[in-house]
Amino acid sequence: MREERRIGLDYLECVTALLQRVRRAHPTAGLYEAADLQWWWRTPRSTDDLAQLFWFDDAGRPEAAAIAIDWKGRTALVPVVMPDAPDELVTRVVDRGLAHIRAAGFEAVDVDTDRADDVMRHVLARHGFTIEGDEIVETWLQADARPGISPLPDDHRLRTRLDTQSRPHHLVGRSGPAVEARLRQTSLYRADLDLLVLDEHDVVVAYGLFWFDPTTATGLVEPMRTEDAHQRRGLARHVLTTGLDLLAEVGATRVKICYEPENRPARDLYLGAGFAPDRHAVVLSRV
């Protein structure tokens, strides 16, 4: 394998191809979907201009990557390997990724890791990483087992971004003014799967972004939110069940969504809709 570097949209294209290879090789392996990293592209980051590390096989296909993502003062290392990667390659990717991040001037590093991945945890422990306590639960749902669409209160309306292009994007407040332009630079964003709920005053009170990867027939839900003053009215369940139905219509066979265990409303919503926990990830950190 040869090591090469990619920057900006070239990086995003390569990591998308790699994560699609991972998903085609195994229905649930790995912590990330291609749509995850495309979602992260929504805001400018200092790591946009950092050359990301990739390893390619003799046919020019990406086999592994070590991706650095700037998360407001902390840097995440995202190691990606194929499901059958040997331990030696995992070690090499992590070692090279951490050295690359350090050479770029980033010191505080986090790595999301599957609790059951003993190889990755051993490699990171050797570099001084410890568990910080944060946990993420990954859940999956077969699209043909999705629930029916739940009702929406009469004084609310469900819309897509296609219907609301005359107004600023509903994610501007949390993701910045460039969010729509950045999302539209990605290959998997679809405005018809970008859902929002308007109340009787035409105010956005809930939303959910549903990603469909036609290469892997996989759906991802990221993000979902109901504004605090409008919770417990069934808005999130309506957005979720509608989005799942739309994903099934366009060809998704399974859908992933993640939540933090302490977020009880999210847990109850997703598990109540039929999502089943598949793995637990933890954040390992080194300062």
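Trainee: Pulling in residues and values, what's your account of the overall build of the protein chain?
Mentor: From N to C terminus, the protein chain includes eight helices and twelve strands. For 287 residues, the compact-globule estimate of 2.2 N^0.38 gives 19 Å, and the C-alpha radius of gyration of the protein chain, at 19 Å, lies within 12% of that figure. Counting only C-alpha atoms and orienting by the principal axes, one finds that the protein chain spans roughly 55 × 40 × 35 Å. The 287 residues of the protein chain split such that 54% are buried.

Trainee: Run through the pattern of salt bridges, naming residues and quoting values.
Mentor: Applying the stated criterion across every chain, the model contains 27 salt bridges. Put simply, glutamate 138 and arginine 279 hold a salt bridge, and the shortest N to O gap is 2.7 Å. You can see glutamate 138 sitting in strand β6 (residues 130-142) and its partner arginine 279 sitting in strand β12 (residues 276-286), a full 141 residues away along the chain. Here the salt bridges share partners, and the residues they tie into one network are Arg23, Glu33, Asp36, Asp114, Glu138, Lys256, Asp278 and Arg279.

Trainee: Give a detailed account of the layout of surface pockets, specifying residues and quantitative values.
Mentor: One number sums up the size of the second largest pocket: a volume of about 480 Å³. Along its surface, the second largest pocket is lined by 21 residues, and Gly30, Leu31, Val81, Asp117 and Met120 are the ones closest to its centre. Mapped onto the lining of the second largest pocket, the elements with two or more residues apiece are α1 (8-25), β4 (74-81), α3 (87-103), β5 (109-114) and α4 (118-126). Classifying every residue of the lining of the second largest pocket by side-chain character gives 14 nonpolar, two polar and five charged.

Trainee: How would you sum up the nonpolar core? Please name residues and give values.
Mentor: Core analysis: the largest hydrophobic core is formed by 38 residues, its most contacted members being Tyr11, Val15, Leu37, Phe54, Ile67 and Trp211. Take this core: its biggest share by element is seven residues, from α1. Each residue touching leucine 37, except ones within four places of it in the same chain, is listed here: Tyr11, Leu12, Val15, Leu19, Tyr32 and Ile67.

Trainee: Give a description of the pairing of β6 that names residues and reports values.
Mentor: Looking at chain direction, β6 and β12 are connected through eight bridges and run antiparallel. Counted as the bridge partner of glutamate 135 is valine 282 from β12. Pairing of β6 with strand β11 (residues 254-259) involves six bridges; the strand directions are antiparallel. Across the sheet, threonine 139 pairs through a bridge with isoleucine 257, a residue of β11.

Trainee: Describe unusual backbone geometry, naming the residues involved and giving the relevant values.
Mentor: Omega for the bond connecting glutamate 222 with proline 223 falls within 30 degrees of zero, at 0 degrees, which places this linkage in the cis form. Secondary-structure assignment places proline 223 in strand β10 (residues 218-226). Residue aspartate 202 is not a glycine yet carries a positive backbone phi of 65 degrees. Following the sequence through the fold, aspartate 202 ends up in the loop between β8 (194-198) and β9 (204-213). Overall, the relative accessible area of 37% leaves aspartate 202 in the partly exposed class.

Trainee: Give me the lowdown on the packing of aromatic side chains, citing residues and values where you can.
Mentor: Any pair of aromatic rings gets described here by the distance separating the centres and the angle formed by the planes. Scanning all chains against the criterion turns up seven aromatic pairs. With a centroid separation of 5.5 Å and 80 degrees between ring planes, the pair formed by tyrosine 32 and tryptophan 40 is classed as edge-to-face. Ring pairing ties together the aromatic residues Tyr11, Phe54 and Phe56, which thus form one cluster. The ring centre of tryptophan 71 lies 4.2 Å from the NZ or CZ of arginine 45, which sits over that ring. We note arginine 182 situated over the ring of tryptophan 41; from NZ or CZ to the ring centre the distance is 4.0 Å.

Trainee: Tell me about the sheet that holds β12, and name the residues and values.
Mentor: The sheet built from twelve strands is open, its strands ordered β1-β2-β3-β4-β5-β12-β6-β11-β10-β9-β8-β7 with mixed pairing. Strands at the two margins of the open sheet, each flanked by one partner only, are β1 (2-6) and β7 (157-160). Taken over all neighbouring pairs, the strand axes of this sheet differ in orientation by 25 degrees on average, direction set aside. With respect to the sheet, α4 is in contact with β4, β5, β6 and β12, its orientation differing from that of β5 by roughly 155 degrees. Against the sheet, helix α7 (residues 235-250) touches β6, β7, β8, β9, β10 and β11, its axis set at about 25 degrees to β9.

Trainee: Lay out the packing of α3 against α4 in plain terms, naming residues and giving numbers.
Mentor: Axis separation between α3 and α4 bottoms out at 10 Å; the angle between their running directions is 40 degrees. Comparing their axes, α4 and α3 come out oblique. Here α3 runs over α4; the crossing is right-handed. Residues Asp87, Val90, Thr91, Val94 and Asp95 of α3 touch α4, and the partners they reach there are Val119, Met120, Val123, Leu124 and Arg126. Residues that form the contact of α3 with α4 fall into these classes: six nonpolar, one polar and three charged.

Parameters and conventions
Residues numbered from 1 in each chain as written. Predicted model: local features only at pLDDT ≥ 70, side-chain atom pairs only at ≥ 80, totals over all residues. Heavy atoms only, no water. Helix = DSSP H or I, 4+ residues; strand = E, 2+ residues; numbered from the N terminus. Rg over C-alpha atoms; globule rule 2.2 N^0.38 Å. Buried < 20%, exposed > 50% of the residue type's maximum accessible area, 1.4 Å probe, protein only. Salt bridge = Lys/Arg side-chain N within 4 Å of Asp/Glu carboxyl O. 1 Å grid on protein atoms, 1.4 Å probe; cavity = no way out; pocket = protein on both sides within 12 Å on 5 of 7 lines; lining within 4 Å. Points joined across faces, edges and corners; volume = space filled by probe spheres on them. Nonpolar A, V, L, I, M, F, W, Y, C, P; charged D, E, K, R; others polar. Core = buried A, V, L, I, M, F, W, Y, C linked by side-chain atoms within 4.5 Å. Contact = heavy atoms within 4.5 Å. Pairing = 2+ DSSP bridges. Phe/Tyr/Trp six-rings, centres within 6.5 Å; stacked < 30°, edge-to-face > 60°. Lys NZ or Arg CZ within 6 Å of the ring centre and 35° of its normal. Axes fitted to C-alpha atoms, helices over the stretch in contact; angles between N-to-C directions. Parallel < 35°, antiparallel > 145°, perpendicular 65-115°, else oblique. Left-handed = near helix turned anticlockwise from the far one by under 90°.

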